[in-house]
Amino acid sequence: MLSFFKFPQLTVQRLVTLAMAIALSFIMGKLSIPIIPQQLVISLTFIPNTIIGMIAGPVWSFIALGLLDIVDTLSGNAGNFIIWWTLVEAFQGLLYGLFFYRRSLSWTSQKDWFHVILATTVIMLVGSFIFTPLLIQIYYGVPFMAQFIAGRWLKIFEIPIRVLVIMTVIPQLQRIPELQKLMHKT
């Protein structure tokens, strides 16, 4: 199996850090701002999701974001749990792990900027521009193109904001010695 699909050792410290990042993502998700209901939501959950990807790797990030989606759905009293949204979230976790696992970022490195731009674009392309509109069309009957005409295309402006926030916040967080240990241990 490829080395980037390797499970990092799930130590108590890594497990607790993952639990805190999942809780932070859950809370930030509750503080999200809906612009167009069930279509366009602004949220900062990508920050803890990036942290999860950094320390957990692709496989544990897949599991962590899948569990987060299940808990988030069931805690909202929505009663509309659909496994496909959970799989989309889990797949995004896999992508966060692939792009950010054991990767140190530096504000001054052009290579890191390009890496974060690529990662953010791919993650948003998969989640926000392909699978979410497709699932909304399937389950709610809103045509794919109608969603983009109504405003989904505005999420493209979120890409540079996410890149800037990630490149501002994550290198600072990576200075924390405990986080450095989690990032570089297998």
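Our subject is the structure listed above.
We now turn to the structure provided with this report. (Residues numbered from 1 in each chain as written. Predicted model: local features only at pLDDT ≥ 70, side-chain atom pairs only at ≥ 80, totals over all residues. Heavy atoms only, no water.)

**Thoughts on the overall build of the protein chain**
Looking only at helices and strands, one finds seven helices and two strands in the protein chain. Taken against the 2.2 N^0.38 rule, which gives 16 Å for 186 residues, the C-alpha radius of gyration of the protein chain at 16 Å falls within 12% of a compact globule. Dimensions of the protein chain, computed from the C-alpha atoms along their principal axes, are close to 45 × 35 × 35 Å. Considering the protein chain as a whole, with its 186 residues, one finds that 42% of them fall into the buried category. (Helix = DSSP H or I, 4+ residues; strand = E, 2+ residues; numbered from the N terminus. Rg over C-alpha atoms; globule rule 2.2 N^0.38 Å. Buried < 20%, exposed > 50% of the residue type's maximum accessible area, 1.4 Å probe, protein only.)

**Regarding the environment of Leu118**
Along the chain, Leu118 falls in helix 4 (residues 110-140). Remark: the alpha-carbon pair of Leu118 and Tyr140, spanning 22 residues in sequence, is separated by 31 Å.

**Quick notes on the nonpolar core**
Counting 32 residues, the largest nonpolar core has Ile52, Met54, Ile55, Phe100, Leu105, Val116 and Ile166 as the members making the most contacts within it. The greatest single-element share of this core, amounting to 10 residues, is contributed by helix 2 (residues 46-75). The residues touching Leu105, leaving out its near neighbours within four places in the chain, are Phe100, Asp112, Val116, Ile166, Met167, Ile170, Pro171 and Gln174. (Core = buried A, V, L, I, M, F, W, Y, C linked by side-chain atoms within 4.5 Å. Contact = heavy atoms within 4.5 Å.)

**Digging into the pattern of salt bridges**
With the rule as written, the count across this model stands at four salt bridges. Here Lys30 and Asp72 are joined by a salt bridge, their closest N and O atoms 3.0 Å apart. With Lys30 in helix 1 (residues 12-30) and Asp72 in helix 2, the pair connects residues that are 42 residues apart, well separated along the chain. Residue classification places Lys30 among the partly exposed residues on the basis of a relative accessible area of 43%. For Asp72, a relative accessible area of 29% gives the class partly exposed. The closest approach of N and O atoms between Glu158 and Lys155, which form a salt bridge, is 2.9 Å. Comparing Glu158 with Lys155 shows no difference in burial state: the two are buried. (Salt bridge = Lys/Arg side-chain N within 4 Å of Asp/Glu carboxyl O.)

**Re the packing of aromatic side chains**
Each aromatic ring pair is described using two quantities: the centre-to-centre distance and the angle formed by the ring planes. One pass over the structure, following the stated rule, counts seven aromatic pairs. Seen from their ring centres, Trp85 and Tyr139 are 5.9 Å apart, and the 40 degrees between their planes marks the pair as tilted. Of the two residues, Trp85 sits in helix 3 (residues 83-100) while Tyr139 sits in helix 4, which places them 54 residues apart along the sequence. Residue classification places Tyr139 among the partly exposed positions, given a relative accessible area of 37%. (Phe/Tyr/Trp six-rings, centres within 6.5 Å; stacked < 30°, edge-to-face > 60°.)

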